[in-house]
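So the chains spell out like this:
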Amino acid sequence: MKPDTDRNIALFDRARRVIPGGVNSPVRAFRAVGGTPRFVQRAQGAYFWDANGQRHIDYIGSWGPMILGHGHPAVLEAVQKAAVDGFSFGAPTEREIELAEAILALVPSMDMVRLVSSGTEAGMSAIRLARGATGRSKIIKFEGCYHGHADALLVKAGSGLATFGNPTSAGVPAEVVQHTLVLEYNNVAQLEEAFALHGQDLACLMIEPIAGNMNFVRASLPFMRRCRELCSQYGALLVFDEVMTGCRVALGSAQSVYARDIPGFEPDMTVLGKVIGGGMPLAAFGGKRAVMEQLAPLGPVYQAGTLSGNPVATACGLATLREISRPGFFESLSAMTRRLVDGLAGAAQETGVPFCADSEGGMFGFFLLPELPQNYAQVMKTDGTRFNTLFHGLLDRGVYIAPALYEAGFVSAAHTAADIDETVSAARDVFRLL
Ligand SMILES: *Cc1c(COP(=O)(O)O)cnc(C)c1O
């Protein structure tokens, strides 16, 4: 399309005059892959239409929340009804109790939960609570895991385990990340060494149990087992950041996937977002009663929010959780997601492209690598130029995957076998060009 008739280009030019980079969250800007972001006009089911009216099969789904697809009738009705009754009150509502009860029923490692408006807010509050409840300052995070953009978490590994992290963003003073220890994902020996050195001072270990912010990397069973054992041994809280995996990889979230193999497995605290809001600004953090009762107004750990437990967002979340709780929902979502990754792997094999893929529930990842990576450094061995060719080849054929090789993908209940097969066929064409 010529630039003067391409509305995506025109909108991007206009956006860049008034919004930094033209976007309100950086990955949307296509900086990693080049080209012009698609401005979304509307979406329905498994598709969205961009500003040129071009249809795309959507494998981002707002980065996870749209697990039912766009515009699910039951969710739409719940949101419309709630909006009529009021947008926000700053006073408690019955629906907040209903959503809290629904979340606790799905994720029984939590006795109590507090609702907030974003995953960032939930993760940041969980860390404050872990520190307040333990009276300790230090935290562990892993390279390649994203827990939102709170200052203390914008950090990369320092030199050696005795030193703590360095900020990854300007505007974050070194003092603010001095208590954050950054370790390699799936590295048991390093984990043990870190606990031996700092275990007595650790408030918590925060982890994406299946990391979706370095594409799709599972914490291995031995690694997860050691995380649990060491946290218990040293009195640090094991915090699962399930903002992405929560109610997405399984109805009971990633912790239920680990509990299949590690009997009785539970984290101490859980952070949720994305799916539980069904596409509205809603997130949550929760855990054991004794820890959660440290929060204001009961305890000394302060946390608050004008829009927390918003009536329209809670209606959207509740309707979404009701739909995904129907018998067989996750079985068919998982099967459709597997159809996609198996189809892509088959197409790659036919065309001789090095490829591997994995999925759990409605979340998937694939790599232009011969075997599944175990940590961030291995993920980043992907050939970026090849990935960009793949990305743009798919985009030109109406298939929208994440515009960065370190992001996971998402299938919704609205994706049909025909959508999956169309995607695989597009990928086969593009693999031939690689
Ligand atoms: C998306 C995400 C966050 C941040 O959530 P926001 O709602 O974008 O602030 C935190 N942790 C994980 C694992 C995420 O995927």
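See the structure printed just above.
The notes below deal with the structure included here. (Residues numbered from 1 in each chain as written. Predicted model: local features only at pLDDT ≥ 70, side-chain atom pairs only at ≥ 80, totals over all residues. Heavy atoms only, no water.)

Glancing now at helix α7 (residues 253-261). Regarding α7, the residues found buried are Ser253, Ala254, Gln255, Val257 and Tyr258. Summarising the contacts, the buried residues of α7 are in contact with β10 (210-211), β11 (217-218), α6 (221-234), β12 (237-242), β13 (269-272) and β15 (356-360). (Buried < 20%, exposed > 50% of the residue type's maximum accessible area, 1.4 Å probe, protein only. Helix = DSSP H or I, 4+ residues; strand = E, 2+ residues; numbered from the N terminus. Contact = heavy atoms within 4.5 Å.)

Looking now at the sheet that holds strand β1 (residues 40-44). Taken in spatial order, the 4 strands line up as β1-β2-β3-β17 in an open sheet, and their pairing is mixed. Each edge of the open sheet carries a strand with a single partner, namely β1 and β17 (399-400). As judged from the 2 bridges shared by strand β3 (residues 55-58) and β17, these two strands associate in the parallel manner. Residue Ile57 lies in a different strand from β17, and its bridge partner there is Val399. The strands touched by helix α13 (residues 417-431) within the sheet are β2 (47-50), β3 and β17, with β3 carrying the most contacts at an inclination of about 100°. (Pairing = 2+ DSSP bridges. Axes fitted to C-alpha atoms, helices over the stretch in contact; angles between N-to-C directions.)

Our focus in this paragraph is the pattern of salt bridges. Scanning the model with the defined rule gives 15 salt bridges in all. We note a salt bridge from Glu422 to Arg55, for which the minimum N-O separation is 3.3 Å. With Glu422 in helix α13 and Arg55 in strand β3, this residue pair connects regions lying 367 residues apart in the sequence. With its nearest N and O atoms 2.8 Å apart, the salt bridge here joins Arg339 to Asp421. (Salt bridge = Lys/Arg side-chain N within 4 Å of Asp/Glu carboxyl O.)

Interaxial distance between helix α10 (residues 329-351) and α13 falls to 9 Å at its minimum, and their mutual angle equals 20°. One element, α10, and the other, α13, form an angle in the roughly parallel class. Crossing hand, α10 versus α13: right-handed. Contact residues: Met336, Arg339, Leu340, Gly343, Leu344, Ala347, Ala348, Glu350 and Thr351 in α10; Ala417, Ile420, Asp421, Thr423, Val424, Ala427, Arg428 and Phe431 in α13. Partitioned by chemical class, the residues of the contact of α10 with α13 number 10 nonpolar, 3 polar and 4 charged. (Parallel < 35°, antiparallel > 145°, perpendicular 65-115°, else oblique. Left-handed = near helix turned anticlockwise from the far one by under 90°. Nonpolar A, V, L, I, M, F, W, Y, C, P; charged D, E, K, R; others polar.)

In this description, a pair of aromatic rings is defined by centroid distance and the angle of the planes. As enumerated under the stated definition, the model contains 15 aromatic pairs in all. Look at Phe30 and Phe391: their rings are 5.2 Å apart centre to centre, the planes differ by 85°, and that puts the pair in the edge-to-face class. Taken as a pair, Phe30 in the loop between α1 (7-18) and β1 and Phe391 in helix α12 (residues 384-396) lie far apart in primary sequence, 361 residues in all. For Phe30, a relative accessible area of 1% translates into the label buried. An aromatic cluster of three or more residues is present, and its members are Phe30, Phe48, Phe391 and Tyr400. The ring centre of Phe12 lies 4.0 Å from the NZ or CZ of Arg16, which sits over that ring. (Phe/Tyr/Trp six-rings, centres within 6.5 Å; stacked < 30°, edge-to-face > 60°. Lys NZ or Arg CZ within 6 Å of the ring centre and 35° of its normal.)

Right, let's get into the site of the ligand. Lining the immediate environment of the ligand, one finds Ser118, Gly119, Thr120, Tyr146, His147, Gly148, Glu208, Asn213, Asp241, Val243, Met244 and Lys274. A distance of 2.8 Å is found between an oxygen atom of the ligand and a backbone nitrogen or oxygen belonging to Gly119. A distance of 2.7 Å is found between a nitrogen atom of the ligand and a side-chain nitrogen or oxygen belonging to Asp241. Against a free-state accessible area of 380 Å², the protein chains account for coverage of 82% of the ligand. Of the residues assigned to the shell around the ligand, the class counts are 3 nonpolar, 6 polar and 3 charged. (Near = heavy atom within 4 Å. Polar contact = N/O pair within 3.5 Å; in protein donor to acceptor, adjacent residues only side chain to side chain. Areas by Shrake-Rupley, 256 points an atom, 1.4 Å probe, with all protein chains shown as cover.)

Mapped onto the elements of the fold, Pro209 is located in the loop between β9 (202-207) and β10. You can call Pro209 buried: its relative accessible area is 0%. Residues Pro209 and Leu295, spaced 86 residues apart in sequence, show a C-alpha to C-alpha distance of 25 Å.

Let us now look at the side chain of His147. Tracing the backbone through its elements, the reader meets His147 in the loop between β5 (138-142) and β6 (155-156). Among the residues examined, His147 registers a relative accessible area of 2% and is labelled buried.

Turning to the sheet that holds β15, a few remarks are in order. Taken together, 3 strands build an open sheet; the order of strands is β15-β16-β18 and the sheet is antiparallel. Every interior strand has two partners, whereas the edge strands, β15 and β18 (409-410), have only one. Here 2 bridges tie strand β16 (residues 363-367) to β18, and the two strands are oriented antiparallel to one another. By the bridge assignment, Phe364 is partnered in β18 with Gly409.

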